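Topology and contacts: notes
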Amino acid sequence: MGVTGGIGSGKTTVCRLFAERGVPVYNSDVEAKRLMERDPAVRGAIRERFGEAAYVGDRLDRQFLADRVFHDAAALAALNGIVHPAVMEDFDRWAREQSHPYVMLESAILFSAGLERRVDRTLAVMAPREVCIRRAVERDGATEEAVRRRAATQLSDDEMLARADYTIVNLSMDDLRQDVAKLDLIFRDEAFRC
C-alpha cells in the first residue's frame, strides 16, 4: 500500500494508526535522509554531483543541498535521480523481509515521483485545506505563508482523489481510527486474495 497526502493532511498519523495494528510502515522521507547520510553509494553520487561541500565531515549539509536544488530544476532532478532509486531499492529489500500480509510505503511525493507504480494500491489522506495549513503551522512552527507556498507545489485534492484507490478524510481522531480499522480489514482481505 502506498500512502500519501498533502502537508498537514495527517498521513503520518494514519500510518501510525496502521502500525499500531501491526502493519509495517516504511517512511520514505525518513529513509531517504538515512540513505543520504549513511549509504556509501548515495553519498558518493551526491558528492560527485554536488561537490565535497555537500557533506560536513560525515553529515549531509542539508542547507547547502537545499540551496543548490531549490531554484534549479536540473539539480533537483539530479538529486531525485540519485535518491529515489536508492529509496525504492531499500523499500523493496525491506518489504521482502516483512511477514505481515501487506506493508505500507509512506511518501508525500508518491504520485508526483511515480512511486505508485511500485505498490499495489494507493491511499490518499485528505483534509480541508485550511485544516491542513493550521496543522502544519502548529506542527512545524512555520509561518502560514511558508506552509501555503509548500502546499501550492503539491497535487490538488482533485488530482489526489482521481489517482488514489482509497481515501481517508482526516477530521477527527475517532473517525480516523474507525476508518483505519475498516481499511485494515479490506487490505488484509485483498492481500490474502493475491
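Located above this text is the structure these notes cover.
The paragraphs below set out a description of the structure included in this document. (Residues numbered from 1 in each chain as written. Predicted model: local features only at pLDDT ≥ 70, side-chain atom pairs only at ≥ 80, totals over all residues. Heavy atoms only, no water.)

Now for the sheet that holds strand β6 (residues 122-126). Within the open sheet, the 5 strands sit side by side as β2-β5-β1-β6-β7. Their pairing is parallel. The open sheet has two edge strands, β2 (25-27) and β7 (166-169), and neither has a second partner. Strand-to-strand twist of the sheet, defined as the mean angle between neighbouring strand axes without regard to direction, takes the value 25 degrees. Lying on the sheet, helix α2 (residues 28-38) is in contact with β2 and β5 (104-106); it crosses β2 at an angle near 55 degrees. Most of the contacts of helix α9 (residues 173-193) go to β7, to which it runs at about 165 degrees, and overall it touches β5, β6 and β7. (Pairing = 2+ DSSP bridges. Helix = DSSP H or I, 4+ residues; strand = E, 2+ residues; numbered from the N terminus. Axes fitted to C-alpha atoms, helices over the stretch in contact; angles between N-to-C directions. Contact = heavy atoms within 4.5 Å.)

The subject of this paragraph is the pattern of salt bridges. Taken as a whole, this structure holds 23 salt bridges when the rule is applied. A salt bridge links E190 to R121, with the nearest nitrogen and oxygen atoms 3.4 Å apart. Placement of the pair is E190 in helix α9 and R121 in the loop between β5 and β6, with a sequence separation of 69 residues. For R139, the salt bridge identified is with D140, shortest N-O distance 2.7 Å. Look at R139 and you get exposed, because its relative accessible area is 53%. Through salt bridges that share partners, E31, R34, D90, R93 and E97 make up one connected network. (Salt bridge = Lys/Arg side-chain N within 4 Å of Asp/Glu carboxyl O. Buried < 20%, exposed > 50% of the residue type's maximum accessible area, 1.4 Å probe, protein only.)

Here we come to the packing of aromatic side chains. Geometry of an aromatic ring pair is reported as the spacing of the ring centres plus the angle between the planes. Enumeration over the complete set of coordinates arrives at 6 aromatic pairs. Put simply, the rings of F18, Y102, Y166 and F187 touch in pairs and so form one group of aromatic residues. Over the aromatic face of F50 sits the side chain of R49, whose NZ or CZ is 4.9 Å from the ring centroid. (Phe/Tyr/Trp six-rings, centres within 6.5 Å; stacked < 30°, edge-to-face > 60°. Lys NZ or Arg CZ within 6 Å of the ring centre and 35° of its normal.)

The end-to-end C-alpha distance of helix α5 (residues 73-96) is 34 Å, a good match for the 34 Å that 24 residues give at a rise of 1.5 Å each. If you look at α5, its biggest bend is around 25 degrees, right at N80. Considered for burial, the residues of α5 that qualify are A75, L79, I82, V83, A86, V87, M88, D90, F91 and W94. Looking at the buried side of α5, the elements it contacts are β2, α2, α3 (40-50), α4 (62-69) and β5. By the N-cap criterion, in which a side-chain oxygen at the helix start approaches the backbone nitrogen of a residue two or three places on, α5 is capped by D72, the distance to A74 being 3.1 Å. (Expected span 1.5 Å × (residues − 1). Bend = angle between axes of the 7 residues up to and from the residue. Polar contact = N/O pair within 3.5 Å; in protein donor to acceptor, adjacent residues only side chain to side chain.)

Next up on the list: the pairing of β6. With 5 of its 5 residues buried, β6 lies for the most part within the structure. Of the two faces of β6, the one carrying T122, A124 and M126 and the one carrying L123 and V125 are both buried. Pairing analysis gives 4 bridges linking strand β1 (residues 2-5) to β6, with the strands arranged parallel. Across the sheet, residue G2 finds its bridge partner in β6, namely T122. One ladder, built from 4 bridges, connects β6 with β7; its direction is parallel. Bridge pairing in β7 places M126 opposite V169.

Interaxial distance between α4 and α5 falls to 7 Å at its minimum, and their mutual angle equals 125 degrees. Compared by their axis directions, α4 and α5 come out oblique. On the side of α4, the interface is formed by L65, R68 and V69, while α5 contributes A75, L76 and L79. For the contact of α4 with α5, the residue count by class is 5 nonpolar, no polar and 1 charged. (Parallel < 35°, antiparallel > 145°, perpendicular 65-115°, else oblique. Nonpolar A, V, L, I, M, F, W, Y, C, P; charged D, E, K, R; others polar.)

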